[in-house]
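Structural characterization, general
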Amino acid sequence: MQTTLKINGESWTLDVDPRTSLLDALRHHLDLTGTKKGCDHGQCGACTIILNGRRINSCLTLAVMHDGDEITTIEGLGEPGRLNPMQEAFVRHDGYQCGYCTPGQIMSATGMLDEVSQGWPSHVSASLEGDVPLSREEVAERMSGNLCRCSAYPGIVRAIRETAGEVSE
Amino acid sequence: MNKHLKMDAPQKRVLDETAQGTLGRPLDRPEGPLKVSGRAAYSAEYQLPNMATGVLVRATITHGRMTSLNDEAVRGMPGILGVFTGERFLRNPAQGGAGKAPVQGASEVAYLGQPVALVVAETFEQARHAAQQLRPTFAGEPADTHPEHAAQVDRPDKKQLDQGDVDGAMQAAAASVDVVYTTPPHSSAPMEPHASVAEWQGDRLILRGSYQMLKYNKKELADAIGVAPENVRILSPYVGGGFGSKLGIAPEAVSAALAARELGRPVRVVMSRQQVFEGTMRRSETRQRLRLAVDADGVLTALEHDARVSNLPGESFSEPVQQATHFLYRGENRRHENEIARVHRTCAGSVRAPGEAVGMLALEAAMDELAEAAGIDPIELRKRNIPDTHPENGIPYSARSLAECLDEGARRFGWGQRDLRPGQRREGEWLIGIGVAAAARPNILSDSRARVTLREDATALVETDMTDIGTGTYSVLSQLAAEMLGLPVESVEVRLGDTDLPPAAGSGGSWGASSSGSSVFLACRGIRETLARRIGCGAEALTLQDGVATGGNRRETLRDLLAEGSIEVEGHIEPGETAKEVSQASYGAHFVEVAVSAVTGEVRVRRMLGVFAAGRILNEKTARSQCHGGMIWGIGSALTEEIAHDPRDGHIVNRDLAEYHIPVNMDVPDLDVTFLEERDDHASPIQSKGIGELGISGAGAAVINAIYNACGVRVRDYPATPDKIIAQLAE
Ligand code: FES
Ligand code: FES
């Protein structure tokens, strides 16, 4: 089936099997392998991308459902030599080890900060309304859909909070 | 030129005299920008021209024979290129360091979930669909699947120990404990599923695979498919975590290689998450009995540690439960009885810190129980029982900072404020407690080679088939070469993960950094000798810093010295006598504060500190991350991680990441890690020891001990899930 996806500002038209997940469309058909597959079942977050402004697990949706949709993948955030502040903070705080969950963590953190700026509360928020102070706990809670078996969580939390301006180096 | 060293004697601390000052510093990983931008390519991500995709199919019986592939219908499905099976398929992955194929043959089924066929198609979607439709037929045979009820239980002589009179010492004890602990099976669950892309170039197989120990993997793969090792090349520049599960060649690599040869085109096979759980390695469950006795001074007189573990029939690996027990504490009367139940469950193999990861869950919790029974502070009890010489064979210890780790941790963590009596601190619904445990992991040096080239432009190239599975190899090897050659670290390029490069120790057993680091160190020492000759001084008198060489009253830039040609040296480290003459290990101490809900029995880890001493630290940042990883695995094994086998057929019920609970971000507090300054001259010429598994050793026991201190509930059946705690809290 013909589908047009707007990925990282560029338009791609592809002819895919309707069974192709959005994740596999990226990885197998567009050579955008920065988005990772850890479980293919929405259980790990390695495949997180931003779809029309919101973070989603790209393994849980089919490519053909997204004709015309705007997608941002890790490749769209920055590249070596031109990393964005979140990517740089992950390097500085060693917010990864093997690096396999990392693009998903960074995409998820990007989407998460946007949710926070819109005042979305979380399970650990003291109040359902008003500004959300980005405490350690808030970040950890909101990032718990992204598993890291290397267990780089301490660095991940620090990198995100620093990027959000909550703590300075 | 070659530079070889067999580690037969303690070595001089050359790296304390070099001038560059880069080694040990917490530098960012050189490959970091590639990883955070999604540009580091993992095995499944090579898109080769004309590549086909394969999906594995599993056995649906526990034990017996596959009687027919029953593949006629599937072969006619769209895009299908072939259905493969046969006597070369692997029953399970090779054990770490095997160097030859494991048990082969898809027709003999030994566990439910064993990969028995590969469906290959033009696209992943076609292959997946056909694989789901394939219904091989099987003839089942009876099978033992429970280690406690297995008919065959091996008791190998070399895994038993009986020294002195344990029973007598138990009777004469001033205080003693006799307790049974159980730990469930665990899964490595690396975030990157096992993946291979096989491509034949003439007679030569190029395999892009996610593997930890390439020099062994090359031989295992060659043996499995029946070609000479020279005709196999494995590439693994990036590995998305391994933790033991990628030590040995696995079913996806062999099936991809066979299918690719048959089809004459590249084939990619990626395991699904469920297949990783079922078809790679699990850590065996354990049942451990500990009998500990102390005299009136709190000195251990008896230490018995028995274990029952399990594995498939015929597998030589068994979880080495007492690996730390052998040398950690005193006790002249000692016994280890080991039993291996033969069961038809997913193969058991190495998972991060085989031995200590579960052995110390029991030993260090039992020590806590003993401290209470003897009325001695748990730290004091441990310190009184640090042996003078190895309690089993009498050899001395190399650098050992266990007491210092315990003391430093106690000071930093506020141990002095702890109330020895459980259940004394309460904050609303939460009962608060703290606990301690020792960490110990034997140090191993393993044969390793690396080639270092100092090029005319005063940059260096390090080449070895070593892997970086997140462990920081790219970092530590570039820092070692930079330190030895007096270069800024940016001037060192490190190429890893290619079996055409000099064979290294591989990533396993925490030996990677020290072993491959030593080979790089030796190569650089050879380069320094040549530079010294060129400048006209003795190698000892040469100083290298920021691309400038000084020696014998001369000062030259490296570029000038290299005008007559680049210098290439292969370094080769080999373990030697120091491995036998002294007991070498990394040590540490874990401190944990937990809150236990009096209402639900839920446990939250609120604070955690690890103090470690592992010889020279090569990069403080990556070393710290390794410790974080280990400690968090400790939290997982204490609180949530557990493979559940179906009692009827042994299959893994919770074979995905929603049901097998690894720690998530919210389960982990901000960890504190401190390294004590140490050099171990017996360990390697760079005085470093292993660190990748140290952090998990004992960590979970500190959590369990903290739970006891919080609420008086002693969980001896890991993990400490709320149901187990609340049941005892109510009493
Ligand atoms: S791959 Fe999508 S959530 Fe795991
Ligand atoms: S960095 Fe390896 S899984 Fe997160």
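Residues numbered from 1 in each chain as written. Chains lettered and ligands numbered in written order. Predicted model: local features only at pLDDT ≥ 70, side-chain atom pairs only at ≥ 80, totals over all residues. Heavy atoms only, no water.

What to know about the interface of chain A and chain B
In plain terms, the rule: Here, residues are in contact when the closest pair of their heavy atoms is within 4.5 Å. Once two parts are joined, some of their accessible surface, as seen by a 1.4 Å probe, is lost; buried area is that loss totalled over both. Throughout this description, the term salt bridge denotes a Lys or Arg side-chain nitrogen within 4 Å of a carboxyl oxygen of Asp or Glu. A 3.5 Å cut-off defines polar contacts: any pair of N or O atoms within that distance qualifies, except that in protein one atom must be a possible hydrogen donor and the other a possible acceptor, and neighbouring residues in sequence count only when both atoms are side-chain atoms.
With 54 residues of chain A at the interface, the matching set in chain B holds 58 residues. Roughly 4,600 Å² of surface becomes buried between chain A and chain B when both sides are summed, with 55% attributable to carbon and sulfur atoms. The interface formed by chain A and chain B includes 5 salt bridges. Its salt-bridge partner being E641 of chain B, residue R149 of chain A comes within 2.8 Å of it at the nearest N-O pair. On inspection of chain A and its partner chain B, the count reaches 25 residue pairs in polar contact (both at pLDDT 80 or more).

Overview of the packing of helix α2 (residues 85-92) of chain A against helix α5 (residues 153-163) of chain A
All names here are of chain A. Formally: Convention adopted: a line fitted to C-alpha atoms gives each axis, helices being fitted over their contacting stretch, and angles between N-to-C directions are expressed from 0 to 180 degrees. A run of DSSP states H or I qualifies as a helix once it reaches four residues; a run of E qualifies as a strand once it reaches two. Both are numbered from the N-terminal end. Reported orientations rely on four angle classes, namely roughly parallel under 35 degrees, roughly antiparallel over 145, roughly perpendicular from 65 to 115, and oblique for the rest. Each helix crossing is assigned a hand: it is left-handed if the near helix lies turned anticlockwise from the far helix by less than a right angle, otherwise right-handed if that turn is clockwise. Nonpolar residues are Ala, Val, Leu, Ile, Met, Phe, Trp, Tyr, Cys and Pro. Charged residues are Asp, Glu, Lys and Arg, and all others, Gly as well, are polar.
Packing of α2 against α5 brings their axes to within 8 Å, and their N-to-C directions diverge by 140 degrees. Between α2 and α5, the crossing angle belongs to the class labelled oblique. In the packing of α2 onto α5, the handedness of the crossing is right-handed. Residues P85, M86, A89, F90 and R92 of α2 pack against I156, A159, I160, E162 and T163 of α5. Residue classes in the contact of α2 with α5 are distributed as 7 nonpolar, 1 polar and 2 charged.

Here we look at the sheet that holds strand β25 (residues 492-495) of chain B
Residues and elements named next belong to chain B. Put simply, the test is: When DSSP finds at least two bridges between two strands, those strands are taken to pair.
Spatial strand order, β1-β29-β23-β24-β25: 5 strands in an open sheet with mixed pairing. The open sheet is flanked by β1 (2-7) and β25, the only strands paired with a single partner. Direction aside, neighbouring strands of the sheet carry axes that sit 20 degrees apart on average. As defined by bridge partners, strand β23 (residues 448-454) adjoins strand β24 (residues 460-463) across 4 bridges and the pair is classed as antiparallel. Each bridged residue has a counterpart across the sheet, and for L454 the counterpart in β24 is A460. Contacts from helix α12 (residues 473-485) reach β23, β24 and β25, with the element oriented near 140 degrees to β25.

Brief notes about the sheet that holds strand β5 (residues 108-109) of chain B
All names here are of chain B. Strand order in the open sheet formed by 3 strands is β5-β3-β7, and the pairing between neighbours is antiparallel. The open sheet is flanked by β5 and β7 (137-140), the only strands paired with a single partner. Pairing analysis gives 2 bridges linking strand β3 (residues 64-68) to β5, with the strands arranged antiparallel. Directly across from R65, in β5, lies its bridge partner E108.

Topic: the domain arrangement of chain B
Residues and elements named next belong to chain B. What counts is decided by this rule: Where each domain begins and ends is defined by an automated method or by a domain database.
Partitioning chain B into structural domains gives domain 1 (2-40 + 446-575) and domain 2 (357-441 + 581-730). For domain 1 and domain 2, the distance between their C-alpha centroids amounts to 35 Å. Surface buried jointly by domain 1 and domain 2 totals about 2,200 Å² across both partners, of which 53% is contributed by carbon and sulfur atoms. Scanning the region where domain 1 abuts domain 2 turns up 4 salt bridges. Here R616 ties to D16 by a salt bridge, and the two come within 2.8 Å at their closest N and O atoms. Inspection of the region where domain 1 meets domain 2 yields 13 residue pairs in polar contact (both at pLDDT 80 or more). Secondary structure elements with two or more residues in the side of domain 1 that touches domain 2: β1, α12 and α13 (512-535).

Let's talk about the pattern of salt bridges
All names here are of chain B. Heads up, the rule is: For every residue, the accessible area (1.4 Å probe, protein chains only) is compared with the maximum for its type, and the residue is labelled buried under 20%, exposed over 50%, or partly exposed between those bounds.
Applying the stated criterion to the full structure yields 79 salt bridges over all chains. One salt bridge connects E199 with R208, and the closest N-O pair in it is separated by 3.2 Å. A single burial state applies to E199 and to R208, both of which are buried. Salt-bridge contacts for R308 lead to E339; the nearest nitrogen and oxygen are separated by 2.9 Å. In this pair, R308 is assigned in strand β18 (residues 300-311) and E339 in strand β20 (residues 338-342), connecting sequence segments 31 residues apart. The same class applies to R308 and to E339, which are both buried. Via salt bridges that share partners, D162, D167, D178, R289, R291, E304 and R335 belong to a single interconnected network.

Points about the nonpolar core
Residues and elements named next belong to chain B. Which entries qualify depends on this criterion: The set of buried Ala, Val, Leu, Ile, Met, Phe, Trp, Tyr and Cys residues whose side-chain atoms join them within 4.5 Å is what this entry labels a nonpolar core.
Counting 188 residues, the largest nonpolar core has L531, V594 and I707 as the members making the most contacts within it. Considering each element in turn, this core owes the most residues, 11 residues, to helix α9 (residues 356-374). When near neighbours in sequence (up to four residues on either side) are disregarded, V594 contacts L431, I432, G433, V603, R604, V605, R606, V703, A706, I707 and A710. Of all hydrophobic cores here, the second largest spans 56 residues; its members include L118, L134, A198 and L214.

Section: unusual backbone geometry
Residue and element names in this part refer to chain B. Looking along the chain, the bond that leaves Y718 and enters P719 is cis, with omega of -5 degrees. Mapped onto the fold, P719 is located in the loop between α17 (699-711) and α18 (722-729). A positive phi is found at F243, a non-glycine position, where the angle reads about 60 degrees. For F243, the position within the fold is in the loop between β14 (232-235) and α6 (251-263). Relative accessible area serves as the criterion here: at 11%, F243 is assigned to the buried category. Despite not being glycine, S510 has its phi angle at roughly 60 degrees, a positive value. Checked against the element boundaries, S510 lands in the loop between β25 and α13.

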